[in-house]
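Below, each chain spelled out in residue letters.
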Amino acid sequence: MTTIADLPAPAHLPDTGLAVVGGVDTHADTHTAAVIDTAGRLLGHAQFPTTCAGYAALLAWLIGHGLLTQVGVEGTGAYGAGLARHLTAAGVQVIEVDRPDRKTRRFAGKSDPIDAEAAARAVLAGRAGGTPKTRTGSVEAIRVLRVARTSAVTDRAHVMTRIKSLLVTAPADLRATLAGLTDTQLIRTCAGLRPDRTRAADPTHATKIALRSLARRHTDLTVEIGELDAVLDDLVAAINPALIAAFGVGTDVAGQLLVTAGDNPARLHSEAAFAALCGVAPVPASSGKTTRHRLNRGGDRQANSALYRVVLVRLRYDERTRAYRKRRTEEGLSTKEIIRCLKRLIARELYYLIINPTSVAATT
């Protein structure tokens, strides 16, 4: 297989004028590219490092085979993000490609060149047509901040679990002192414990040391979450004030839906596509005389969860939603079925706020 060291300088690459399609299998340290012509003939494959110079060499190598029309890239949201940005900045149309399914790999085999070729063929055949997220705007800033916040929230929950598990096995007198306290009171009390470090061999004092350490960690994480929330509140409100003002939608839900749509929400060609992306579009499961739909288990599960939280808030506080539930219940639908319908309807409503916040905000 050709490597970057075997390639001529980009200035000496020939331009044959032949229309070609590229495919890239992405990894942490290297990307493997393949190029085919519009007749489906494999023209070659090569491996490049995941550096700026490697991205430039990969693009030059693809162009050297002819008129480059499209490039299919696996993992544009992970290992392929840097390459996708580089190609897009160079004016190349990038297509997001899913990895081959298990059946295809079982028959065709598995290797980086094979996967890169499969990506190119998926683009040529039209099986892949998704536009990747640009990841160059303020929505990408929301995404990275939410990564830090989610990690802090998860760690804080784990800390509370550890505190309560320690209390189960704590000495009776200490357990009695801390029994019946709310979570807030428990954290404050544990953080204020004054154990004798010189008596750490004593289980009571060792437990106090552990509880104080965990409680102070919990407090630090709470402060960190608050700081991140303040930044996210301002950022999300500045990007899409209409979305955050929608009934039942706060900073957390709005941030997640903006991240799901990306910095370039126009890549979603319809509200139905957004619903499918969020996993709230029912999947047809009809056969013969039976016409039915089944639950969609695909899509972005975090976006699905965000829509679910909006549904719960509206079912409790929004009169229109409560009236809708009453009407659909009288029609024979179960609570779960009503919630699925509401998620689909809310996805439609919020989609238009996401793609065109200015005009929608002005009319509401």
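- As named in an unreviewed UniProt entry, the protein chain is IS110 family transposase, taken from Klenkia sesuvii.

1. Quick look at the overall build of the protein chain
Okay, so step 1: Counting secondary structure elements, the protein chain contains 15 helices and eight strands.
Okay, so step 2: Rg of the C-alpha trace for the protein chain: 27 Å, well past the compact-globule value of 21 Å for 364 residues, more than 25% over.
Okay, so step 3: Seen along its three principal axes, the alpha-carbon backbone of the protein chain occupies a region of about 85 × 65 × 45 Å.
Okay, so step 4: The contacts in the protein chain between residues at least 6 apart in sequence include a share of 63% that link residues at least 24 apart.
Okay, so step 5: With the model as given, the accessible surface of the protein chain reaches about 19500 Å², and the carbon-plus-sulfur share is 54%.

2. Side note on a positive patch on the surface
Okay, so step 1: A grouping of Arg292, Arg294, Arg297, Arg301, Lys336 and Arg340 is seen on the molecular surface, where their side chains present a positively charged patch.
Okay, so step 2: Tracing the backbone through its elements, the reader meets arginine 294 in strand β8 (residues 293-294).

3. Some details on the nonpolar core
Okay, so step 1: Of all hydrophobic cores here, the largest spans 36 residues; its most connected members are Leu243, Val249, Leu257, Phe274, Leu307 and Leu350.
Okay, so step 2: Going through the elements one at a time, α5 (138-169), α8 (203-239), α9 (241-245), α10 (251-261), α11 (271-277), α12 (301-317) and α14 (335-355) are the ones with two or more residues in this core.
Okay, so step 3: Examining the composition of this core, we find that nine residues originate from one element, α14, more than from any other.
Okay, so step 4: The residues contacting phenylalanine 274, other than those within four sequence positions of it, are Leu257, Leu268, Ala347, Tyr351 and Ile354.

4. Brief notes about the UniProt feature "domain: Transposase IS116/IS110/IS902 C-terminal" (unreviewed entry) in the protein chain
Okay, so step 1: What UniProt calls "domain: Transposase IS116/IS110/IS902 C-terminal" (unreviewed entry) maps, in this numbering, to residues 247-324.
Okay, so step 2: Split by type, residues 247-324 is 53% helix and 5% strand. Its first and last C-alpha atoms lie 15 Å apart.

5. Brief notes about the pairing of strand β3 (residues 30-37)
Okay, so step 1: Burial analysis of β3 places seven of its eight residues in the buried class, the great majority of the element.
Okay, so step 2: Where strand β2 (residues 19-26) meets β3, seven bridges bridge the pair, whose relative direction is antiparallel. Within the sheet, the bridge partner assigned to aspartate 25 lies in β3 and is threonine 32.
Okay, so step 3: Hairpin connection from β2 to β3: three residues lie between these consecutive antiparallel strands.

6. Examining a nonpolar patch on the surface
Okay, so step 1: A contiguous nonpolar surface patch, about 290 Å² in accessible area, is contributed by Phe247, Val313 and Tyr317.
Okay, so step 2: Among the secondary structure elements, valine 313 is positioned in helix α12.
Okay, so step 3: For valine 313, a relative accessible area of 31% corresponds to the partly exposed category.

7. Brief notes about the side chain of arginine 146
Okay, so step 1: Within the fold, arginine 146 resides in helix α5.
Okay, so step 2: With residues up to four places along the chain from it excluded, the contact list for arginine 146 reads Leu232, Asp252, Gly255, Gln256 and Val259.

8. So, the side chain of asparagine 296
Okay, so step 1: With respect to the helices, strands and loops of the structure, asparagine 296 is situated in the loop between β8 and α12.
Okay, so step 2: According to the relative accessible area criterion, asparagine 296 is buried, its value standing at 13%.
Okay, so step 3: Within the local environment of asparagine 296, its side chain forms a polar contact with the backbone oxygen of alanine 281, the two atoms lying 3.1 Å apart.
Okay, so step 4: Sequence-distant contacts of asparagine 296, that is, excluding residues within four places in its chain, are made with Ala276, Gly279, Ala281, Val283 and Arg301.

9. As for the environment of alanine 215
Okay, so step 1: As for its placement among the helices and strands, alanine 215 is situated in helix α8.
Okay, so step 2: A relative accessible area of 0% means that alanine 215 is categorised as buried.
Okay, so step 3: Distance from alanine 215 to histidine 269, taken between C-alpha atoms, is 48 Å for residues 54 residues apart in sequence.

10. Quick look at the pattern of salt bridges
Okay, so step 1: One pass over the full model with this rule turns up 18 salt bridges.
Okay, so step 2: In this structure, aspartate 37 engages arginine 41 in a salt bridge whose closest nitrogen and oxygen atoms are separated by 2.6 Å.
Okay, so step 3: We classify aspartate 37 as buried; its relative accessible area is 2%.
Okay, so step 4: Accessibility expressed as a relative area gives 52% for arginine 41, which makes it exposed.
Okay, so step 5: For arginine 309, the salt bridge is made with aspartate 252, and the minimal N-O distance between the two is 2.9 Å. With a gap of 57 residues between them, arginine 309 in helix α12 and aspartate 252 in helix α10 connect regions that are remote in the sequence.
Okay, so step 6: Classification of arginine 309 as partly exposed rests on a relative accessible area of 33%.
Okay, so step 7: Classification of aspartate 252 by relative accessible area gives partly exposed; the value is 30%.

11. Brief notes about the packing of aromatic side chains
Okay, so step 1: Within the structure shown, the criterion is met by three aromatic pairs.
Okay, so step 2: Ring centres of phenylalanine 274 and tyrosine 351 lie 5.9 Å apart, and the angle between their planes is 35°; this geometry places the pair in the tilted category. Taken together, the positions of phenylalanine 274 in helix α11 and tyrosine 351 in helix α14 put the pair 77 residues apart, joining distant regions of the chain. Of the two residues examined, phenylalanine 274 and tyrosine 351, each falls in the buried class.

Definitions and cut-offs
Residues numbered from 1 in each chain as written. Predicted model: local features only at pLDDT ≥ 70, side-chain atom pairs only at ≥ 80, totals over all residues. Heavy atoms only, no water. Helix = DSSP H or I, 4+ residues; strand = E, 2+ residues; numbered from the N terminus. Rg over C-alpha atoms; globule rule 2.2 N^0.38 Å. Contact = heavy atoms within 4.5 Å. Areas by Shrake-Rupley, 256 points an atom, 1.4 Å probe, with all protein chains shown as cover. Patch = residues over 30% accessible without salt bridge, like charges linked within 9 Å, V, L, I, M, F, W, Y side chains within 5 Å. Salt bridge = Lys/Arg side-chain N within 4 Å of Asp/Glu carboxyl O. Lys, Arg positive; Asp, Glu negative; His and termini not counted. Charge placed at Lys NZ, Arg CZ, Asp CG, Glu CD. Core = buried A, V, L, I, M, F, W, Y, C linked by side-chain atoms within 4.5 Å. Buried < 20%, exposed > 50% of the residue type's maximum accessible area, 1.4 Å probe, protein only. UniProt positions renumbered as here; feature names shortened; annotations may be inferred. Pairing = 2+ DSSP bridges. Polar contact = N/O pair within 3.5 Å; in protein donor to acceptor, adjacent residues only side chain to side chain. Phe/Tyr/Trp six-rings, centres within 6.5 Å; stacked < 30°, edge-to-face > 60°.

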